[in-house]
Amino acid sequence: MPALAGAAVTAARASAGKRRSAGAAVRRVIAGARSLRSNRREFSTNVMVDQPLPARRHPATQEGGALRTWRRTLLSACPRRHPFGRPRSPSDFGVGLLALRSNGRPLTAQAKRRLDDEQEAAGGGHGGANGQVGDDGKGDVWTVSALNDEQLDRAAGVLLAQACGDALGVPYEGRPPGAVDDPPVMKGGGLGPYEPAEWSDDTEMALCIADALSADAVPGGDVCADAVPDGDACADAGMGHGGAPDHSLVRDHALVPDHALALYDGIARRFLDWFGHESEGWARDIGIQTREVLSAAAAGEGGPAERCWRAAAVRAGGGESGAGNGALMRTGVLAIARLGDRQATAELARRVAALTHAHADVEDSCVLWTDAVQRAVLRDWSPDELLGEDHLLAGLDLLPEERRDFWERAVRESTGVEPWKIGGRGYTVTTLKAAWAAITWSQDAPDGVSGAASTGEGLRHGLEAAVRAGGDTDTVAAVAGQLLGARWGASAVPSVWRAVLHGRAPHTEGTGYEVRVAADLEVLARRIAQKGLAG
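Residues numbered from 1 in each chain as written. Predicted model: local features only at pLDDT ≥ 70, side-chain atom pairs only at ≥ 80, totals over all residues. Heavy atoms only, no water.

Novice: Residues and numbers for the overall build of the protein, please.
Specialist: Across its full length, the protein carries 21 helices and two strands. The 535 residues of the protein split such that 62% are buried. Of the contacts formed within the protein by residues at least 6 apart in sequence, a portion of 72% connects residues at least 24 apart. Element-wise, carbon and sulfur atoms account for 49% of the exposed surface of the protein, whose accessible area totals about 19000 Å². (Helix = DSSP H or I, 4+ residues; strand = E, 2+ residues; numbered from the N terminus. Buried < 20%, exposed > 50% of the residue type's maximum accessible area, 1.4 Å probe, protein only. Contact = heavy atoms within 4.5 Å. Areas by Shrake-Rupley, 256 points an atom, 1.4 Å probe, with all protein chains shown as cover.)

Novice: Which residues make up helix α10 (residues 258-275), and what are the values?
Specialist: Compared with an ideal rise of 1.5 Å per residue, which puts 18 residues at 26 Å, α10 spans 25 Å between its outermost C-alpha atoms and is within 8% of the ideal. Most of α10 is tucked away: 14 of the 18 residues are buried. Following α10 by one or two positions, G276 adopts a phi angle in the positive range, close to 120°. (Expected span 1.5 Å × (residues − 1).)

Novice: Break down the nonpolar core for me, with residues and values.
Specialist: Formed by 122 residues in total, the largest nonpolar core has its most connected members in L159, I336, L355, W369, L459, L483 and W497. Among the elements that line this core, the one with the most residues is helix α5 (residues 149-169), at eleven residues. Each residue touching I336, except ones within four places of it in the same chain, is listed here: A155, V158, V377, A525, I528 and A529. (Core = buried A, V, L, I, M, F, W, Y, C linked by side-chain atoms within 4.5 Å.)

Novice: Requested: an account of the pairing of strand β1 (residues 502-506), with residues and values cited.
Specialist: Burial analysis of β1 places five of its five residues in the buried class, the great majority of the element. Of the pairings in the sheet, the one linking β1 to strand β2 (residues 513-517) comprises five bridges and is antiparallel in character. The residue bridging R504 from the neighbouring strand is V515, located in β2. Linking two consecutive strands that pair antiparallel, namely β1 and β2, is a turn of six residues; a positive phi of about 140° is found at G510 within it. (Pairing = 2+ DSSP bridges.)

Novice: Got a sec to walk through the side chain of Q374? Specific residues and values, please.
Specialist: Along the chain, the position of Q374 falls in helix α14 (residues 360-378). Judged by its relative accessible area of 0%, Q374 is buried. There is a polar contact of 3.4 Å between the side chain of Q374 and the backbone oxygen of R338. (Polar contact = N/O pair within 3.5 Å; in protein donor to acceptor, adjacent residues only side chain to side chain.)

Here is the structure:
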């Protein structure tokens, strides 16, 4: 293994003059070698190897699966060649790392080949320059001309780490903290029941959203560039830059322009197909509030989004009963749909939340968390920099002024707290607090991650802490995974998890579902991020 890492370092250094991010690539290669050595020792304690693996794709052996996964990660990290001597190509797993020059739209296969030929002739890497303005991420709009490799890795981490947290929490849903294995393992079961290392409804609904965001045939043209309202559209609708969205605006969904409604209809239609509308559904575990809303929407009249918004508004009530965590659990992927435009992303988060959960607490929690995820993806992090209280509080300006004190207290009183002291109840505010507590407590715990960022331990420690909170373990860990993935990136996900992670997702050819794996989620997230560049 030292020889392998040495070869990778040599390959990266040889391209140092051609690519500014070679230093980061070297660090990731070294981290991959360390992670593989660690994962070989830990495999039997983190994955139930005596359970059958999904039939789709190759069945991984303990070391072989980890090595194959690590080779793909290594390939995406090396500037032009990986240590096994094979040149990079758009057909490699690293295709998602290309800074596609297509005005935010996915390139055709021919265009990808042409881009690769151009890069080869120029002798340069694929990493794009980030035009982000400012480092604190508190402005309404960043100017983002392209995403570099680290940002694309973090965008992919949003969806991948959510799915890992979900699968890690599935076996322990409803259990008190003391009944959770230490460390937790992806042994399946739960309310599905689910197979070992299979994600649940949290990620299934997130993939319904992701599928709509990435689809080429959704009415209204380019989904992310046209259908998602930009800042000017928000201002025209009575929501100016720097101001807070009015909850009355969110209630009046008739104000949604037709070109944006196509996106919301696409998401709602996928929710209804998942639930079982006009065809047999493929959901196995559905939250109470989500089930009631989708059941009423399936029997309603009008477009898919209109039916869902109407049914959710009828179901919503005062107090915690109308503010479940079923929208927060799926909101992370929206952060990468309009990278650089905070107001447009906040509007998107509110309206997608309101498809099933038309409650102020739900909408606020989704806006606050989605904003934190987006800023984590775009931020220029130092290697060992951790998520701090100010990062989450920076999104308060997107909330109604009269509600900011409530959310500031919620964030401050959960920062660094042992997550099991908060619990994992289904109330959206409690879920956000538990996820945030797991992230921040794991950074400061005796076995925390300070100084260990390069090995990816920050992500693993945070997800395990979220599961240990007990209660709604899969949802708390899925929510924590969204932000942890946005901070540490897909490359920080342990190889042993990557090798076995799988689950249901909307079928690419219509209704029904298909089984996808970790690599599929990474490619999908990178595609959405590239399409959704704002600026």
